[in-house]
Amino acid sequence: MATSEKPAATTSEPRTDRLPVWRIGLTGGLVGILCCVGPTVLALLGIVSAGTAFAWASELYGGYAWLFRLGGLVVLALLVWRSLRRQNQCNVAGMRRRRWRLLGVAAVAVLTYLALYAFTTWLGTFA
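If you're wondering where the values come from, they're calculated on a predicted model, not measured in any experiment. Per chain, residues are indexed from 1 in the order of the written sequence. Under the rules for a predicted model, residues below a pLDDT of 70 receive no local features and side-chain atom pairs below 80 are neither given nor counted, while totals for whole chains, interfaces and linings still include all residues. Only hydrogens and water are set aside when side-chain values are computed; all heavy atoms of the structure are taken into account.

Trainee: Whenever I open this one, helix 2 (residues 34-44) confuses me. Can you help?
Mentor: In an α-helix there are 3.6 residues to a turn, and that puts residues three or four apart on one side. Accessible area is worked out with a 1.4 Å probe on protein chains only. A residue is then buried under 20% of its type maximum, exposed over 50%, and partly exposed in between. Per the convention used, a helix needs a DSSP run of H or I reaching at least four residues, while a strand needs a run of E reaching at least two, with both numbered from the N terminus. Among the residues making up helix 2, those that are buried are Cys35, Cys36, Val37, Pro39 and Thr40. Buried residues belonging to helix 2 abut helix 1 (21-32), helix 3 (50-86) and helix 5 (99-124). After helix 2 finishes, the residue Gly46 shows a positive phi value of roughly 85 degrees. In this description, contact between two residues means that some pair of their heavy atoms is separated by no more than 4.5 Å.

Written out as structure tokens, the structure is:
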């Protein structure tokens, strides 16, 4: 007698229990450095001059950098919470199980912030 059992999950199916490390980390890091990236993007698009973008970025970074960084942390926390909540893993056990992925999210966010900071600082030398 042959039974028609379903085969085990194949590797081609997407895993739904994975934390999107790159998307969450990049988004958090980008929001954290918007004080410098925003004016830089406007200058690169030709909407404002490089001098104006430099002045805006200096003003925003000098006075409100902590607010942008705090916003980046809030966005990071909300995205992680939302992702864990969707997977029914928003508890201590779920976070322990995914601690390395959570550290990966934090590392990607910090590296994104540092890379964009270095890039915008380098571009500022041309203004």
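Trainee: How should a nonpolar patch on the surface be read in this particular structure?
Mentor: Patch membership requires over 30% relative accessible area and the absence of a salt bridge. Like charges are linked within 9 Å, and nonpolar side chains (Val, Leu, Ile, Met, Phe, Trp, Tyr) within 5 Å. Accessibility throughout is a Shrake-Rupley quantity obtained with a 1.4 Å probe, and a residue counts as covered only by protein chains that appear here. Throughout this description, the term salt bridge denotes a Lys or Arg side-chain nitrogen within 4 Å of a carboxyl oxygen of Asp or Glu. On the surface, Tyr64, Trp66, Leu67, Leu70, Leu73, Val74, Leu78 and Trp81 cluster together into a nonpolar patch covering about 860 Å² of accessible area. The topology assignment puts Leu67 in helix 3.

Trainee: What exactly am I supposed to notice about the environment of Ala50 here?
Mentor: Topologically, Ala50 is positioned in helix 3. Along the chain, Ala50 and Pro39 lie 11 residues apart, while their C-alpha atoms are 8.6 Å from each other.

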